[in-house]
Amino acid sequence: MKLGIITCDGNEKWTSCYESICNRCFWREGDADLEYFHAWKGQLPTMENTKHLDALVALGSAHMVDENLDWMVDLSNFFLALENSPIKLLALCFSHQLINRVYGGTVGVSEGGFIFGSSEVHFQKSENFPKQFGNLVDGLTTKKGGPKLTLLESHNDEVVTLGKGATVVASSKECQNEVVLVRPNLLSMQSHPDLTPHLMMDKIWPAIVKKGYMDPTNEADVRKQMDGLDTTICLDFIREFLSSSSKLY
């Protein structure tokens, strides 16, 4: 598979490990080398420079979608252009919010405040799903006995309402629109299957404690909450979606 990665955060703590994160999560033996589009510094994907790719993954960011920076506007236009493309796209966290806003959804502050740790994400079948995607959701059975995955979360905003044509794929207690099929080839997730508990605590926890979002005395409880994750199952699900033939959708 030929896969492109869209990065959306220029903080050195992330730029120094993008490649290790993405190789671990999205690259598989036999794939071409991952190609990077650093949107945050103007290295944006276009329909021309991505036409040779099979799929794209757009990552998270500490930016908020309502900042409307120039690169966010350009990335939004690219997301719109993908609607009639054979290229598959997975959008995570910030990118999940951005693409849903592009397609008519709304983004707002999470009712429960800053969400950090893990959530039990419940997948649901819909008659609006294309057949093959519905089969992928049916296959999400874990040792817990159902289509539910425990995934890492770190966000203060969330997708509040969906645009026309988008369908909820999964919800959690904390967030109704956790996973959204924006279009048959465009999938978005609020959660962070790309991260690990170590990365969360090393690179995000200090910043959100400093901003007053989290109480530092709760660190032990937060760490314990990150046990029993279903990250591998989620990454397998993502891989199946990204590598599946668009003609079957």
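For the structure, check the block above.
Calculation criteria
- Residues numbered from 1 in each chain as written.
- Predicted model: local features only at pLDDT ≥ 70, side-chain atom pairs only at ≥ 80, totals over all residues.
- Heavy atoms only, no water.
- Axes fitted to C-alpha atoms, helices over the stretch in contact; angles between N-to-C directions.
- Helix = DSSP H or I, 4+ residues; strand = E, 2+ residues; numbered from the N terminus.
- Parallel < 35°, antiparallel > 145°, perpendicular 65-115°, else oblique.
- Left-handed = near helix turned anticlockwise from the far one by under 90°.
- Contact = heavy atoms within 4.5 Å.
- Salt bridge = Lys/Arg side-chain N within 4 Å of Asp/Glu carboxyl O.
- Buried < 20%, exposed > 50% of the residue type's maximum accessible area, 1.4 Å probe, protein only.
- Pairing = 2+ DSSP bridges.
- Right-handed = clockwise from strand over helix to strand, strands pointing away.
- Nonpolar A, V, L, I, M, F, W, Y, C, P; charged D, E, K, R; others polar.

Draft legend 1. Seen up close, the packing of helix H5 (residues 131-138) against helix H8 (residues 231-243). Two elements in contact, H5 and H8, have axes whose closest approach is 10 Å; the angle formed by their N-to-C orientations is 165 degrees. Between H5 and H8, the angle falls in the class roughly antiparallel. Taken as a pair, H5 and H8 cross one another with a handedness that is right-handed. Every residue of H8 that contacts H5 at Phe133, Leu136 and Val137 is listed here: Phe237, Glu240 and Phe241.

Draft legend 2. Structural detail: the pattern of salt bridges. Summed over the entire model, instances satisfying the criterion amount to six salt bridges. A salt bridge links Lys125 to Asp138, with the nearest nitrogen and oxygen atoms 3.1 Å apart. Of this pair, Lys125 sits in the loop between strand S6 (115-123) and H5 while Asp138 sits in helix H5, and the two are 13 residues apart along the sequence. A relative accessible area of 43% places Asp138 in the partly exposed class. Here Lys203 makes a salt bridge to Asp202, at a shortest N to O gap of 3.8 Å.

Draft legend 3. Summary view of the pairing of strand S4 (residues 88-92). With five of five residues buried, S4 lies mostly within the body of the structure. Residue alternation in S4 divides its side chains into two sets, Lys88, Leu90 and Leu92 and Leu89 and Ala91, and both sets are buried. Across four bridges, the pairing between strand S3 (residues 55-58) and S4 is parallel. The residue bridging Val57 from the neighbouring strand is Leu90, located in S4. Crossover S3 to S4 through helix H3 (residues 70-81) is right-handed. Bridging between S4 and strand S11 (residues 186-189) involves four bridges; their strand directions are parallel. Across the sheet, Leu89 pairs through a bridge with Leu186, a residue of S11.

Draft legend 4. Representation of the packing of H3 against helix H4 (residues 94-102). Here H3 crosses H4 at 65 degrees, and the two axes come no closer than 9 Å. One element, H3, and the other, H4, form an angle in the roughly perpendicular class. In this structure, H3 meets H4 at a crossing whose hand is right-handed. When H3 is examined against H4, the residues Trp71, Met72, Leu75, Ser76, Phe79 and Leu80 are found in contact with a partner set consisting of Phe94, Ser95, Leu98, Ile99 and Val102. Residue classes in the contact of H3 with H4 are distributed as nine nonpolar, two polar and no charged.

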